[in-house]
Structures are given as C-alpha cells and as structure tokens.
Amino acid sequence: MATDTPVEQAESEQDHRRFARFRPPQAGEGGTMSLLDHIRELRYRIIVSFIAVVITSSVAFVFYRPLVEIVMYPYQQAAHAIKAKNPTASLQVVNTGVAAPFLLNLKVAIVAGLIAACPVWLYQIWAFIVPGLLVKEKKWAMRFLGSAIPLFLIGSALGYWVLPKGIALMLNFTPDGMGITNLLDMNAFLALEIRVILLFGVSFLLPVVLVMLNLIHVLSSAQLKAARKWSIFGFFCLGAFVNPSGDPISMCALAVPLSVMYVIAEWICRTNERKHKTDDMGIDKSEFEIQVD
C-alpha cells in the first residue's frame, strides 16, 4: 500500500488548515465547545446567512419592477378604498432625491432576498442553538424548519394583508374639501411596510421557539403557564405597536393568532414533558455546556 511522502502529508495538512476557516468549528464529545469556538460558530452562521441573503437579493434585483409593484399594491388598495368613499381625495406618491429610485429598488431587493433566504438563516439559527447535530437530532432540525418556514411566511403574508387597511384608516382622517394633498414618500412607506411584514413574520416564529426551548429543557410548560396572561397582554401591545393605524381589527390580526399559538405551544410542551425525557429525544444537556479555555 502506497504511503504519502512527508511533502504530500504537509501539503494535505496545509490544505486542511487553509479550508478550515470556511467551516464551522467541530464540537467535542457530547457537542461541547469552548467559548472561543462558540464565537467562531456564531461568526460562521452569520456569514453563511449573509451570503445567502446577498445571492437571493442579487437575483431579486433583476426583477425589481414587479417587486416594486408588489410593494405598492397595499398603497394602491388603500387609495382605491379612500377614493371610493371620497372621489375628491388627492393622493400622490413621491420620490425625493436623485438616488432615491436606486435606493428604493435596492431596499426592495434586499427585503425580497431576506424572505427568500429564510430556509437558510432559519437553519443556521437552529444549527447554532444545537451544535454538533447527531442523527437523532437532525429529525428535530427538519421539524423545526418544516414548521418555522411556513409560519414565518404566513406571518409575513398576514402583515402584507393588514397594511392596506391601516393605511386607508389613517388617510381617511384627511378633511374633505380643503384641497389637502397627501404626499407619500416612497422610502418612508417602504420602511413602514418592511417593519410590519418582518415583525409579523418573526412574531409567528414564537411557538416554534418555545417548543424548541422546551425540548432542550431551557423552558418548562409550568413557566409558560405562569407567564400566559402577561404574554397575551404583551401580544396585544405588540399588535398595537406594529400596525400603522392602531385600529382594533389590525391589532387583533396579530395578537389573536399569537395568543392561540402560545396556548398550543404550551400544550405541546406539557405533552412532551409527560411522554418523553430529553435523552429520549436524542438531545443531551451536555451539548449546551460552554467550556472556557
């Protein structure tokens, strides 16, 4: 059997060291890592997520025109509803500044890329929480992604659906017959739309996060039960903060689903605690120990 020469072995080791910087640090026995390795792991997950968003955003930038039409659809719906009640209403969309059109298209592409890349960065979040995935743990990663991705997309779609109703309600406060024109700055409107859509989407990840924290014994169903009333109160406060109009319908559109999902997550956590222990699920507490070198 042929053996590598010392020169070939040195080249092989050098290649390993060269490409090691592009790989996450390997977890030790039981998935343990030093504090420095956890920092390197976090850096790696952020870089991978950033690259994925850059790629999807670059593709989205090619289709900026239909994407801008999608962005403007909530405003057009709101304007149509306003003019149906008040045909004399004056509404106008403006872009201020020479670079405003380019920045608008760039922001739209980044938001579209961020949403399109959600499977990648959601997996990176899970992989960082549970380092050194074993065979038994991978099924939980797939379940996490299988539930987190549709919930994030459903929440984002709900925010997109609520936005026109909030805009119409706010613009309806314009006095009739006074010659007042409502000028909408596109970049300000886009910032509002991004905030609503992403906050709705991220908020819908709450039940998945709660269940995953229960699976790794960080959070118990008893703690969820004790915090239930305050959590539901917080959901309604969040709903009032996120939606632009502050009307009860838009506020409840976020608060009610979150409250229902919180109760469902609490029930799932209680069921898991009754039927299984952490070791039976293939997740070892020692995986989350941090060793400081």
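Numbers given for residues are sequential positions, taken from 1 along each chain in its written order. Local features in this predicted model are restricted to residues of pLDDT 70 or higher, and side-chain atom pairs are both shown and tallied only at a pLDDT of 80 or more, whereas totals for entire chains, interfaces and linings draw on every residue. Hydrogens and waters are ignored; side-chain quantities use all the structure's heavy atoms.

Undergrad: Looking at this model, I keep getting lost on the overall build of the protein. Mind explaining?
TA: Across its full length, the protein holds 11 helices and four strands. Working definition: with a 1.4 Å probe on protein chains only, accessible area under 20% of the residue-type maximum means buried, over 50% means exposed, and in between means partly exposed. A burial count over the protein gives 39% of its 293 residues as buried. Residue burial considers only the protein chains on display, and all accessible areas are found by Shrake-Rupley using a 1.4 Å probe. As displayed, the protein has an accessible area near 17300 Å², and 67% of this comes from carbon and sulfur atoms. Only DSSP runs of H or I with at least four residues qualify as helices, and only runs of E with at least two residues qualify as strands; both kinds are numbered from the N terminus onward.

Undergrad: Honestly, the packing of helix α2 (residues 35-62) against helix α4 (residues 100-116) in this entry has me stumped. Any pointers?
TA: A packed helix pair is summarised by two numbers, namely the angle formed by the two axes and the spacing between the axes. Working convention: axes come from line fits to C-alpha atoms, limited for helices to the stretch in contact. Angles between N-to-C directions cover 0 to 180 degrees. Following both chains from N to C, one finds α2 and α4 inclined at 130°, their axes separated by 7 Å at the closest point. When the interaxial angle is binned, α2 and α4 end up oblique. Every pair of crossing elements has a handedness; the one defined by α2 and α4 is right-handed. Facing α2, whose interface residues are V53, T56, S57, A60 and F61, α4 presents F102, N105, L106, A109, I110, A112, G113, L114 and A116. Charged residues are taken to be Asp, Glu, Lys and Arg, nonpolar residues to be Ala, Val, Leu, Ile, Met, Phe, Trp, Tyr, Cys and Pro, and polar residues to be all remaining types, Gly included. The residue inventory of the contact of α2 with α4, partitioned by class, reads 10 nonpolar, four polar and no charged. Orientation labels follow simple angle bins: below 35 degrees gives roughly parallel, above 145 gives roughly antiparallel, 65 to 115 gives roughly perpendicular, and whatever is left gives oblique. Should the near helix be turned anticlockwise from the far one by less than a right angle, the crossing is termed left-handed; should it be turned clockwise, right-handed. Note on contacts: a residue pair is in contact if any heavy atoms of the two residues lie within 4.5 Å.

Undergrad: What's the story with the confidence of the model for the protein in this structure? I'm lost.
TA: Low-pLDDT stretches of the model should not have their predicted coordinates read in fine detail. pLDDT is defined as a per-residue confidence score from the predictor, taking values between 0 and 100. With 74% of its residues at a pLDDT of 70 or more, the protein has an overall mean of 76. Summarising per-element confidence for the protein, the mean pLDDT is lowest in helix α1 (residues 6-20) (47) and highest in α4 (88). For residues 6-15, every residue scores under 50 in pLDDT, and the model assigns this stretch one contact once sequence neighbours within four places are set aside.

Undergrad: I would appreciate a short explanation of the environment of I82 in the present structure.
TA: Structurally, I82 can be placed in helix α3 (residues 64-85). Owing to a relative accessible area of 3%, I82 belongs among the buried residues under this scheme. Placed 85 residues apart in sequence, I82 and I167 show a C-alpha to C-alpha distance of 9.6 Å.

Undergrad: Explain the side chain of R45 to me, please; I cannot follow it from the model alone.
TA: Secondary-structure assignment places R45 in helix α2. Pairs of N or O atoms within 3.5 Å make up the polar contacts considered here, provided that, within protein, one atom can donate a hydrogen while the other can accept it, and that residues adjacent in sequence are counted only when both atoms are side-chain atoms. Among the polar contacts made by the side chain of R45, one reaches the side chain of Q124 at a distance of 2.9 Å.

Undergrad: Explain a nonpolar patch on the surface to me, please; I cannot follow it from the model alone.
TA: Exposure above 30% relative accessible area and the lack of any salt bridge qualify a residue for a patch; like charges then connect within 9 Å, and the nonpolar side chains Val, Leu, Ile, Met, Phe, Trp and Tyr within 5 Å. Salt bridges are identified by distance alone: a Lys or Arg side-chain nitrogen within 4 Å of an Asp or Glu carboxyl oxygen. On the surface, I47, F50, I51, V54, I55, V59, V62 and F63 cluster together into a nonpolar patch covering about 780 Å² of accessible area. Along the chain, I51 turns up in helix α2. Overall, I51 belongs to the partly exposed group, its relative accessible area being 44%.

Undergrad: Explanation requested: the environment of K85 in the structure shown.
TA: Relative to the elements of secondary structure, K85 occurs in helix α3. When its relative accessible area of 69% is taken as the criterion, K85 is described as exposed. K85 sits 87 residues away from N172 along the chain, and the two C-alpha atoms are 9.0 Å apart.

Undergrad: Honestly, the packing of aromatic side chains in this entry has me stumped. Any pointers?
TA: The geometry of an aromatic ring pair comes down to the distance between the two centres and the angle between the two planes. To pair, rings of Phe, Tyr and Trp, with the six-membered ring standing in for Trp, must have centres within 6.5 Å; the planes then decide the type, stacked if under 30 degrees apart, edge-to-face if over 60, and tilted in the middle. Counted by the stated rule, this structure contains six aromatic pairs. A centroid spacing of 6.0 Å and a plane angle of 70° characterise the contact between Y75 and F189, whose relative ring orientation is edge-to-face. Taken together, the positions of Y75 in helix α3 and F189 in helix α7 (residues 186-203) put the pair 114 residues apart, joining distant regions of the chain. Like Y75, the residue F189 is buried in the burial classification. Put simply, the rings of F61, Y64 and F102 touch in pairs and so form one group of aromatic residues.

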